[in-house]
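# Architecture and fold: a report
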Amino acid sequence: MLASAPMASVAHSLWRGLTDLVAPPHCLSCHKPVGEPASLCSLCWQKLRQIDEPVCDVRGIPFAYDRGQGAVSEEARASPPQWDRARAAVAFDEASRP
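Presented here is an overview of the structure given in this document. All figures in this text were calculated on a predicted structure; none of them were measured in a lab.

Rules behind the numbers
- Residues numbered from 1 in each chain as written.
- Predicted model: local features only at pLDDT ≥ 70, side-chain atom pairs only at ≥ 80, totals over all residues.
- Heavy atoms only, no water.
- Salt bridge = Lys/Arg side-chain N within 4 Å of Asp/Glu carboxyl O.
- Helix = DSSP H or I, 4+ residues; strand = E, 2+ residues; numbered from the N terminus.
- Buried < 20%, exposed > 50% of the residue type's maximum accessible area, 1.4 Å probe, protein only.
- Polar contact = N/O pair within 3.5 Å; in protein donor to acceptor, adjacent residues only side chain to side chain.

### A look at the pattern of salt bridges
For the structure shown, the criterion picks out five salt bridges. Ionic pairing is found between Arg-87 and Glu-53, a salt bridge with its closest N-O pair at 3.8 Å. One end of the pair, Arg-87, is in the segment after helix 3 (74-78); the other, Glu-53, is in the loop between helix 2 (42-47) and helix 3, and 34 residues separate them in sequence. Residue classification places Glu-53 among the exposed residues on the basis of a relative accessible area of 58%. A salt bridge links Asp-57 to Arg-85; its shortest N-O distance comes to 2.7 Å. With Asp-57 in the loop between helix 2 and helix 3 and Arg-85 in the segment after helix 3, this residue pair connects regions lying 28 residues apart in the sequence. Residue Asp-57 is classed as partly exposed on the basis of its relative accessible area, which comes to 30%.

### Quick word on the side chain of Ser-96
Along the chain, Ser-96 turns up in the segment after helix 3. Within polar-contact distance, the side chain of Ser-96 engages the backbone nitrogen of Asp-93 at 2.9 Å.

### Some remarks on unusual backbone geometry
Each neighbour pair has its own omega, and for Glu-53 with Pro-54 the value is 5°, a cis peptide bond. Mapped onto the elements, Pro-54 comes out in the loop between helix 2 and helix 3. Of note, the phi angle at His-31 is positive, near 70°, even though the residue is not glycine. Looking at where His-31 falls in the secondary structure, it is placed in the loop between helix 1 (4-22) and helix 2. Here Ala-38, not a glycine, exhibits a phi torsion of approximately 55°, which is positive. With respect to the helices and strands, the residue Ala-38 is situated in the loop between helix 1 and helix 2.

See the structure below:
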């Protein structure tokens, strides 16, 4: 049983090497070569606007100032979504859209 885990790892490495040779990984945004598939180059990563606290507890919309724990945005109160919570790591804008 223990020998199968290293074999699977070797097989995965060989498959990854073959696919990288045939179709090298490219940045998801600008399509420049990168080291890992499904990733961004450092320039595109730096363009992303990270969403940090404080945010709406329901929609994850960033607040200009801290409204306290569990704060809910006016948008979420006026038109409550069908979900309990949503959270994004980056803002959806020109840099993240591609």
